[in-house]
Amino acid sequence: MHQKVLWFALLAAGLLFLAMAPVSQAQDPDEDADVEDDLDLGLAGAEEDEELEGDEEDDAPPASATPAAPKVTYKAPEPMGEHFFAESFDRGTLDGWVLSKAKKDEADEEIAKYDGKWAVEEMKDSKLPGDKGLVLKSRAKHHAVSAQLLRPFSFDAMPLIIQYEVNFQSGIDCGGAYVKLLSQTPDLDLDQFVDKTPYTIMFGPDKCGEDYKLHFIFRHKNPRTGEYEEKHAKKPDADLRSYFTDKKTHLYTLVVNADNSFEVLVDQTVVNSGSLLTDVTPPVNPPAEIEDPDDHKPEDWDERPKIQDPDAVKPEDWDEDAPAQVPDEDAVKPDGWLDDEPEYIGDPDAIKPDDWDEDMDGEWEAPQVPNPACETAPGCGPWKRPMIDNPNYKGKWKPPMVDNPNYQGIWKPRKIANPAYFEDLQPFKMTPFSALGLELWSMTSDIFFDNFFITNDRNTAERWATDGWGLKKAAEGAAEPGLAAQMLNAAEERPWLWIVYVLTVALPLVLIVVFCCTGKDKKKSPASAAEYKKTDEAQPDVVEEEEEEEGEEKAEEAKSSSAAEDKSDEEEAPAEEEDGEKEATTDEKEDDILRRSPRSRKRLTEIH
């Protein structure tokens, strides 16, 4: 019983785990830290204000015994260290940004204009009052906005680090949230920023349908021709879905190092990495050799590894005309087969419709129905032998296949030196860029952007991330709903979880009731000596002695029966005397058992 209860308890724990799994979200170990620790990181620059607020709170009486949730106070991040661009939008305006006035080529006139609306505002469900960002406001529109860097970024010995924040406040159906680093060219005009404006790097999230992407694309200049070609980094191995659907603010970071390595990070966790030389498509450097386009396969080139044996001859007994199946000669017509009865007959109850015109409709015939006479018979109609596979069937003869003595292998064109070959061992040295732009199309509005930052120092970038995104993360963590609210939200999205919840709660209750009310381990109340005697039930402490007495009794009965066979006078003894002797013997044995019982011995000792 205890083992069953243990198994049921384990089952209940498993169901509870399943119920909690959809609620829990994958997170870094650092996220389990206390919220107050995160707040300390985010408020490192506002210590004096906190001290003043702390003095006021000490003087005021406590409003409630329940501790209030930690409150996060926003402070705009301030760029420190070497940087080329920093924008937090906390001025509340688009000063320094240029809205495109161009039209997109090869697009319908109605949607060709870049007339999508932008705004600087707080998030709809902001957990950090005062924190503003750039918001894409229009659906099914082309959007384009850009801003100049403090100075152009040149790719030399220092790495490139770009990071910014995105929040899909309304989710995302189809659209992008990537940035473009616009190449420094003499004819760069931000007023005419379009999809074809030259860029050096494109980076950021993009989604359409169920295809979740995180782009890293750079344009590489061919040193031989001067033409540019897009190089796409390999796809991340991580699952990107939650970044588009959880409606949280995520930090996207790209690091490109002078040794041609790159890293793509989301929320300061690496989701993709590799080398510009080996992990992009198409590769930066073309192959040294290519197939000769002028080489053609000779007409007599034999690519057949097997051929039919030319020396093979069809056997004389091979019958190609033999049928695949033949009638079973061993079959016998079942008894009762009705040869003269058709399987179907005209419906005797059918009546020709009144509007039937034989000139137009032809001669009327009753519809066919199963012959009732065949219902009890094994079959009706002419009996035919069933068909079986022909054991002599061999089919059409074909010569066996043998190795081709003239086989030359699969033909391939010969290799020649690639006339377009070049070797660029430093693809990191890309075209300098002087502006940052967003050129997007989206079927979903309210995409929130914030805290754009470009630098060549990783420590500076991490400090900016801590002061900006780190503060948002702490605020969102402080406002995170409790476990019960998360379970209810999960059940709203997945109604089947209600069944798991009910089973998880009800199963332990049922087990408790079963264990307490239907247990089989209840102890029996002790019975008196008289009750044992009335029911002939053995006392626990004399069971073994009673078994010995029963054995002796059986032995005495065997001796008595043996003696009865030798003496005829004992067989004629009155039955009444024998019954009386048996009853006396039984009473004497019971009294003897009671006398030898420890309980009875104790009682007799007390009496004497």
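Residues numbered from 1 in each chain as written. Predicted model: local features only at pLDDT ≥ 70, side-chain atom pairs only at ≥ 80, totals over all residues. Heavy atoms only, no water.

Description of the overall build of the protein chain
Secondary structure summary: the protein chain contains 15 helices and 25 strands in total. For the protein chain, the proportion of its 608 residues judged to be buried stands at 32%. A separation of at least 24 residues holds for 76% of the contacts in the protein chain among residues at least 6 apart in sequence. (Helix = DSSP H or I, 4+ residues; strand = E, 2+ residues; numbered from the N terminus. Buried < 20%, exposed > 50% of the residue type's maximum accessible area, 1.4 Å probe, protein only. Contact = heavy atoms within 4.5 Å.)

With respect to a negative patch on the surface
There is a patch of like negative charges on the surface, built from Asp354, Asp355, Asp357, Asp359 and Asp361. Position of Asp361 among the secondary structure elements: in helix 6 (residues 358-361). The exposure class assigned to Asp361 is partly exposed, which follows from its relative accessible area of 43%. (Patch = residues over 30% accessible without salt bridge, like charges linked within 9 Å, V, L, I, M, F, W, Y side chains within 5 Å. Areas by Shrake-Rupley, 256 points an atom, 1.4 Å probe, with all protein chains shown as cover. Salt bridge = Lys/Arg side-chain N within 4 Å of Asp/Glu carboxyl O. Lys, Arg positive; Asp, Glu negative; His and termini not counted. Charge placed at Lys NZ, Arg CZ, Asp CG, Glu CD.)

What about the pairing of strand 24 (residues 433-442)?
Burial of strand 24 is extensive: nine of the 10 residues sit out of reach of the surface. As defined by bridge partners, strand 5 (residues 141-153) adjoins strand 24 across nine bridges and the pair is classed as antiparallel. Bridge assignment links Ser146 to a residue of strand 24, and that residue is Gly437. Where strand 8 (residues 179-183) lies against strand 24, four bridges are found, and the strand directions are antiparallel. Across the sheet, the residue bridging to Leu181 is Leu436, located in strand 24. (Pairing = 2+ DSSP bridges.)

Description of the packing of helix 7 (residues 458-467) against helix 8 (residues 469-478)
Two elements in contact, helix 7 and helix 8, have axes whose closest approach is 3 Å; the angle formed by their N-to-C orientations is 30 degrees. For the pair formed by helix 7 and helix 8, the contact residues are Trp464, Ala465, Thr466 and Asp467 on the first element and Trp469, Gly470 and Leu471 on the second. A per-class count over the contact of helix 7 with helix 8 returns four nonpolar, two polar and one charged. (Axes fitted to C-alpha atoms, helices over the stretch in contact; angles between N-to-C directions. Nonpolar A, V, L, I, M, F, W, Y, C, P; charged D, E, K, R; others polar.)

A few points about empty space enclosed by the protein
Gaps left between atoms are located by rolling a probe of water-molecule size over the structure's atoms. Taken as a whole and assessed by the stated rule, the structure comprises two cavities of 30 Å³ or more. There is about 40 Å³ of room inside the largest cavity. In terms of lining, the largest cavity is formed by Glu78, Pro79, Met80, Phe453, Thr460, Arg463, Trp464 and Asp467. For the lining of the largest cavity, the element with the highest residue contribution is helix 7, accounting for four residues. Across the lining of the largest cavity, the residue classes break down as four nonpolar, one polar and three charged. (1 Å grid on protein atoms, 1.4 Å probe; cavity = no way out; pocket = protein on both sides within 12 Å on 5 of 7 lines; lining within 4 Å. Points joined across faces, edges and corners; volume = space filled by probe spheres on them.)

Observations regarding the packing of aromatic side chains
In total, this model carries 19 aromatic pairs according to the counting rule given. Between Phe153 and Phe155, the aromatic rings sit 5.1 Å apart at their centres with planes inclined by 75 degrees, giving edge-to-face as the arrangement. Each of the two residues, Phe153 as well as Phe155, counts as buried. Judged by centre distance (5.3 Å) and plane angle (55 degrees), the rings of Tyr212 and Phe244 are tilted. With Tyr212 in strand 10 (residues 211-221) and Phe244 in helix 5 (residues 241-245), this residue pair connects regions lying 32 residues apart in the sequence. Given the relative accessible area of 17%, Tyr212 is considered buried. The ring of Phe84 carries Arg151 above its face, with NZ or CZ at 4.3 Å from the centroid. Taking the ring centre of Tyr199 as reference, the NZ or CZ of Arg219 above it sits at 5.6 Å. (Phe/Tyr/Trp six-rings, centres within 6.5 Å; stacked < 30°, edge-to-face > 60°. Lys NZ or Arg CZ within 6 Å of the ring centre and 35° of its normal.)

Quick word on a nonpolar patch on the surface
A surface patch of nonpolar side chains, about 300 Å² in accessible area, is lined by Val505, Leu509 and Ile512. Mapped onto the secondary structure, Ile512 falls in helix 10 (residues 497-517).

Section: the pairing of strand 11 (residues 228-233)
Sheet topology note: the strand 10/strand 11 ladder contains five bridges and is antiparallel. Each residue of the ladder has a partner; that of Phe218, found in strand 11, is Lys231. Hairpin geometry of strand 10 and strand 11 is characterised by an intervening segment of six residues between the two adjacent antiparallel strands and by a positive phi of about 80 degrees at Gly226. Bridge analysis of strand 11 against strand 15 (residues 280-281) gives two bridges, and the strand direction is antiparallel. Each residue of the ladder has a partner; that of His232, found in strand 15, is Thr281.

Description of the side chain of Asn456
Within the element layout of this structure, Asn456 appears in the loop between strand 25 (447-455) and helix 7. The residues touching Asn456, leaving out its near neighbours within four places in the chain, are Glu82, Phe84, Phe153, Met158, Pro159 and Ile161.

Side note on the pattern of salt bridges
Taken as a whole, this structure holds 24 salt bridges when the rule is applied. Note that Lys180 and Glu439 form a salt bridge whose closest N and O atoms lie 3.1 Å from each other. Residue Lys180 is found in strand 8, and its partner Glu439 is found in strand 24; the two are separated by 259 residues along the sequence. Grouping residues by exposure puts Lys180 and Glu439 together as buried. In this structure, Asp339 and Lys333 form a salt bridge, with 3.0 Å as the shortest nitrogen-oxygen distance. Given the relative accessible area of 34%, Lys333 is considered partly exposed. Through salt bridges with shared partners, a single network forms among Glu121, Lys124, Lys137 and Asp446.

A short note on unusual backbone geometry
Negative phi values dominate among residues other than glycine, just as trans dominates among peptide bonds. The amide bond that connects Thr281 to the next residue, Pro282, takes the cis arrangement and shows omega of -10 degrees. Looking at where Pro282 falls in the secondary structure, it is placed in the loop between strand 15 and strand 16 (289-291). Phi angles above zero are rare outside glycine, and Phe89 is one such case at about 60 degrees. Turning to its location among the elements, Phe89 is positioned in the loop between strand 1 (85-87) and strand 2 (97-99).

Things to note about the state of the cysteines
Put plainly, a disulfide is one covalent bond tying together the sulfur atoms of two cysteines. The full count for this structure, using the stated rule, is two disulfides. Disulfide pairing is shown between Cys374 and Cys380; the S-S distance is 1.8 Å. Between Cys374 and Cys380, the disulfide has an S-S torsion of -125 degrees and is therefore left-handed. As far as burial versus exposure is concerned, Cys374 and Cys380 are alike and both buried. (Disulfide = S-S within 2.5 Å.)

Points about helix 7
Considered for burial, the residues of helix 7 that qualify are Thr460, Ala461, Trp464 and Ala465. All buried residues of helix 7 project into a common sector of 135 degrees when viewed along the axis, lining one side. Looking at the buried positions of helix 7, the neighbouring elements they touch are strand 1, strand 6 (160-168), strand 12 (250-256), strand 25 and helix 8. With a side-chain oxygen lying 3.4 Å from the backbone nitrogen of Asn459, the N-terminal cap of helix 7 falls on Asp457. (Arc of directions from axis to C-beta. Polar contact = N/O pair within 3.5 Å; in protein donor to acceptor, adjacent residues only side chain to side chain.)

Overview of the confidence of the model for the protein chain
For the protein chain, the average pLDDT comes to 80, and 72% of its residues sit at 70 or higher. pLDDT under 50 marks residues 21-69. Its contacts with residues more than four places away, or in other chains, come to 28 contacts. Note on residues 567-576: pLDDT is under 50 here. Beyond four places in sequence and across chains, it has six contacts. (pLDDT = per-residue confidence, 0-100.)

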